[in-house]
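Spelled out, the chains give:
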Amino acid sequence: VSPRRIVASSDVEQSYIMIKPDGVQRGLVGEIISRFEKKGFLLKGLKLFQCPKELAQEHYKDLKERPFFPKLIDYITSGPVICMAWEGDGVVASARKLIGATNPLQAEPGTIRGDLAVQTGRNVVHGSDSPDNGKREIALWFKEGELAQWESVQTPWLIE
Ligand code: UDP
Ligand code: MG
């Protein structure tokens, strides 16, 4: 492994990806994780977690004036979610593409929402919308020590 690849995590782009309670209940956990794994991003954190109301409100605080906010908070806290931290150059924008449009009926086939969901209010997965929000959200959902520092043996076969 070349020294260039051993970069402190804080310097590398990260996205917070979350399988929402509908994705967990519908048995889509493996399928959704698999799409990010196969793409070639590096998994840094993963847990099944029952989200408290306050955390859901903080996570979605930019939407707090929207009419759907109370229903959104009920949805996100209605069952366990899968919290993930994924890492790699360009991971934030790429994950948004893999996830697809907010409204699953408008999401392209081949995307997670395009293939696996039909309603905005049950759109199975979250992905950070900017690298700054990636860091912010990972810090919000994960505690110190919950992220792994590791190198995948695949890296030299993914990144030249
Ligand atoms: N949402 C909703 N109704 C709306 C818009 C959004 O229920 O009209 C929910 C939906 O679950 C969405 C989340 O609020 O994923 C966050 O909205 P945002 O616009 O940030 O969409 P995203 O970034 O998830 O695509
Ligand atoms: Mg968003």
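Per an unreviewed UniProt entry, the chain goes by the name Nucleoside diphosphate kinase and belongs to Brachypodium distachyon. Database annotation for the chain, UniProt heading Cofactor (unreviewed entry): "Mg(2+)". Regarding the chain, the UniProt comment filed under Subunit (unreviewed entry) reads as follows: "Homohexamer."

Caption draft 1: Seen up close, the UniProt feature "binding site: ATP" (unreviewed entry) in the chain. Per the UniProt entry, the sites bearing "binding site: ATP" (unreviewed entry) are Lys20, Phe68, Arg96, Thr102, Arg113 and Asn123 in this numbering. Considering the arrangement of structural elements, one finds phenylalanine 68 in the loop between α3 (53-59) and α4 (69-76). Looking at where threonine 102 falls in the secondary structure, it is placed in the loop between α5 (91-99) and α6 (112-116). Filtering out sequence-adjacent residues up to four positions away, threonine 102 remains in contact with Arg113, Thr120 and Asn123.

Caption draft 2: The sheet that holds strand β2 (residues 42-49), seen in detail. Read from one edge to the other, the open sheet built from four strands follows the order β2-β3-β1-β4, with strand pairing classed as antiparallel. The open sheet has two edge strands, β2 and β4 (125-127), and neither has a second partner. Strand-to-strand twist in this sheet, taken as the mean axis angle between neighbours without regard to direction, amounts to 15 degrees. Strand direction decides the pairing type here: strand β1 (residues 14-19) and β4, joined by three bridges, are antiparallel. Its bridge partner being in β4, methionine 18 is matched across the sheet by histidine 126.

Caption draft 3: Molecular detail of the UniProt feature "domain: Nucleoside diphosphate kinase-like" (unreviewed entry) in the chain. Sequence positions flagged by UniProt for "domain: Nucleoside diphosphate kinase-like" (unreviewed entry) are, in local numbering, residues 12-149. Taken end to end, residues 12-149 is 41% helix and 17% strand, and its first and last C-alpha atoms sit 12 Å apart.

Caption draft 4: Structural context of the state of the cysteines. This structure, assessed with the given rule, holds zero disulfides. For cysteine 51, which is in no disulfide, the shortest distance to another cysteine sulfur is to cysteine 83 and amounts to 7.6 Å. A residue is classified by how much of its surface remains accessible, and cysteine 51, at 3% relative accessible area, is buried.

Caption draft 5: Just the nonpolar core, in detail. Counting 20 residues, the largest nonpolar core has Ile17, Ile32, Phe36, Trp86 and Ile112 as the members making the most contacts within it. Every element with two or more residues in this core is listed here: β1, α2 (29-39), β3 (81-87), α5 and α6. Tallying contributions element by element places α5 first for this core, with four residues. If we skip the residues at most four places from it in the chain, phenylalanine 36 touches Ile17, Phe41, Trp86, Ala95, Leu98, Ile99 and Ile112. With 17 residues, the next largest nonpolar core counts Tyr16, Leu72, Ile73 and Ile76 among its residues.

What counts as what
The numbering scheme is per chain: residues are counted from 1 as the chain's sequence reads. Labels are handed out in written order, letters beginning with A for the chains and numbers beginning with 1 for the ligands. Side-chain atom pairs in this predicted model are given and counted only at pLDDT of 80 or more, local residue features only at pLDDT of at least 70, and totals for whole chains, interfaces and linings cover all residues. Remark: hydrogens and water are excluded; side-chain values derive from all non-hydrogen atoms of the structure. UniProt positions are given in the numbering used here, feature names are shortened, and annotations may be inferred rather than shown by experiment. Runs of E in the DSSP output that reach at least two residues are strands. Runs of H or I that reach at least four are helices, and both are numbered from the N terminus. Whether two residues touch is decided by their heavy atoms; if any such pair falls within 4.5 Å, the residues are in contact. A pair of strands is treated as paired once DSSP finds two or more bridges between them. To get an axis, fit a line to the C-alpha atoms, keeping to the stretch in contact for a helix; angles then go from 0 to 180 degrees between the N-to-C directions. Counting rule for disulfides: a pair of cysteine sulfur atoms within 2.5 Å. When a residue's accessible area, from a 1.4 Å probe over protein chains only, is under 20% of the maximum for its type it is buried; when over 50% it is exposed; and in between it is partly exposed. The nonpolar core is taken to be a set of buried Ala, Val, Leu, Ile, Met, Phe, Trp, Tyr and Cys residues, with the residues joined through side-chain atoms within 4.5 Å.

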